[in-house]
Amino acid sequence: MKRGGGVSGAVSLVMIFCVLCLAVFAVLTLATADRERNLAELTARSAADYYTADCRAVEIVAALRDGDTVPADVEIRHTGSEYPGGQVEEAEFSVPINDGLALDVAVRLRGGNCEILRWQTVYTGEWEIDESMDIWDGT
């Protein structure tokens, strides 16, 4: 009499392989989801920091336009010049966003009008030169 047990062994091996593949994919999915969550939190924090600095810069520009006092912790660089239409004053200042970024603003004030000349994010961190790689200099 012959016994037919050879097929069930192959099915068991295929089933074990499938379970291992599903376990690996589950672990990879969890790791990816965790990294995506961290990235989303970092992006939300960066956006909140930017809009906080933007709001502060708008308040400073409004104070400059209205002739009010500007907060003492903000350094305003003024340049004034005479134009045919009257006295024109330009002011520049920078509002920190986080450790490495700042919002750089330049405005032109003429009477009660305000013209935005520059409103941009600039990098304020220290550049570090990486000289650890040996690069062939051609000799």
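Every value quoted in this text rests on a predicted model; they were computed, and no experiment measured them.

Peer 1: What should I look at first to understand the side chain of Asp54 in this one?
Peer 2: Inspection of the secondary structure assignment puts Asp54 in helix H1 (residues 6-66). One buried charged side chain, Asp54, makes no salt bridge at all; its nearest oppositely charged neighbour is Arg56, positioned 12 Å away. Reaching out from Asp54, the side chain makes a polar contact with the side chain of Trp119 at a distance of 2.9 Å.

Peer 1: What's the story with the packing of aromatic side chains in this structure? I'm lost.
Peer 2: In this description, a pair of aromatic rings is defined by centroid distance and the angle of the planes. Taken as a whole and judged by the stated rule, the model has two aromatic pairs. Pairing Tyr50 with Tyr51 gives two aromatic rings, centres 5.1 Å apart and planes at 80 degrees, and the pair type is edge-to-face. Residue class for Tyr50 comes out partly exposed when judged on its relative accessible area of 25%. Here Tyr51 falls in the exposed class, since its relative accessible area comes to 54%. Arranged with centres 5.1 Å apart and planes meeting at 55 degrees, the rings of Tyr123 and Trp127 form a pair that is tilted. A relative accessible area of 73% places Trp127 in the exposed class.

Peer 1: Explanation requested: the pairing of strand S3 (residues 101-110) in the structure shown.
Peer 2: The two faces of the sheet receive side chains in turn, since in a regular strand these alternate between them. Counting buried residues in S3 gives seven out of 10 residues, a clear majority hidden from the surface. Taking the residues that link successive antiparallel strands as the turn, the S3-strand S4 (residues 113-123) hairpin has two residues, and the phi of Gly111 there is positive, at about 65 degrees.

Peer 1: Where do I start with the pairing of S4 in this structure?
Peer 2: With 10 bridges joining them, S3 and S4 adopt antiparallel strand pairing. Within S4, the position partnered with Leu101 by the bridge is Tyr123.

Peer 1: Sorry, what's going on with the pattern of salt bridges here?
Peer 2: Between side chains of opposite charge, a pair can form when the charged atoms approach closely. What the rule picks out here adds up to eight salt bridges. In this structure, the salt-bridge partner of Arg65 is Asp66, at a minimum N-O distance of 3.1 Å. Using a relative accessible area of 39% as the deciding quantity, one classes Arg65 as partly exposed. On the basis of relative accessible area, Asp66 is assigned to the partly exposed category, the value being 46%. Several salt bridges converge on common partners, so that one network encompasses Arg77, Glu92, Asp104 and Arg118.

Peer 1: Even after reading the chapter, I still don't get the confidence of the model for the protein chain, so can you show me in this structure?
Peer 2: It should be kept in mind that the predicted coordinates are not to be read in detail where pLDDT is low. Per-chain confidence: the protein chain averages 85 in pLDDT, with 88% of residues scoring 70 or above. Considering each helix and strand of the protein chain separately, the mean pLDDT is smallest for strand S1 (residues 77-83), with a value of 64, and largest for H1, with 93.

Peer 1: Before we go on, may I ask you to explain the side chain of Asp104 in this structure?
Peer 2: With respect to the helices, strands and loops of the structure, Asp104 is situated in strand S3. Apart from residues lying up to four places away in sequence, Asp104 is in contact with Arg77, Phe93, Ser94, Arg118, Trp119, Gln120 and Val122.

How each quantity is defined
Residues numbered from 1 in each chain as written. Predicted model: local features only at pLDDT ≥ 70, side-chain atom pairs only at ≥ 80, totals over all residues. Heavy atoms only, no water. Helix = DSSP H or I, 4+ residues; strand = E, 2+ residues; numbered from the N terminus. Buried < 20%, exposed > 50% of the residue type's maximum accessible area, 1.4 Å probe, protein only. Lys, Arg positive; Asp, Glu negative; His and termini not counted. Salt bridge = Lys/Arg side-chain N within 4 Å of Asp/Glu carboxyl O. Polar contact = N/O pair within 3.5 Å; in protein donor to acceptor, adjacent residues only side chain to side chain. Phe/Tyr/Trp six-rings, centres within 6.5 Å; stacked < 30°, edge-to-face > 60°. Pairing = 2+ DSSP bridges. pLDDT = per-residue confidence, 0-100. Contact = heavy atoms within 4.5 Å.

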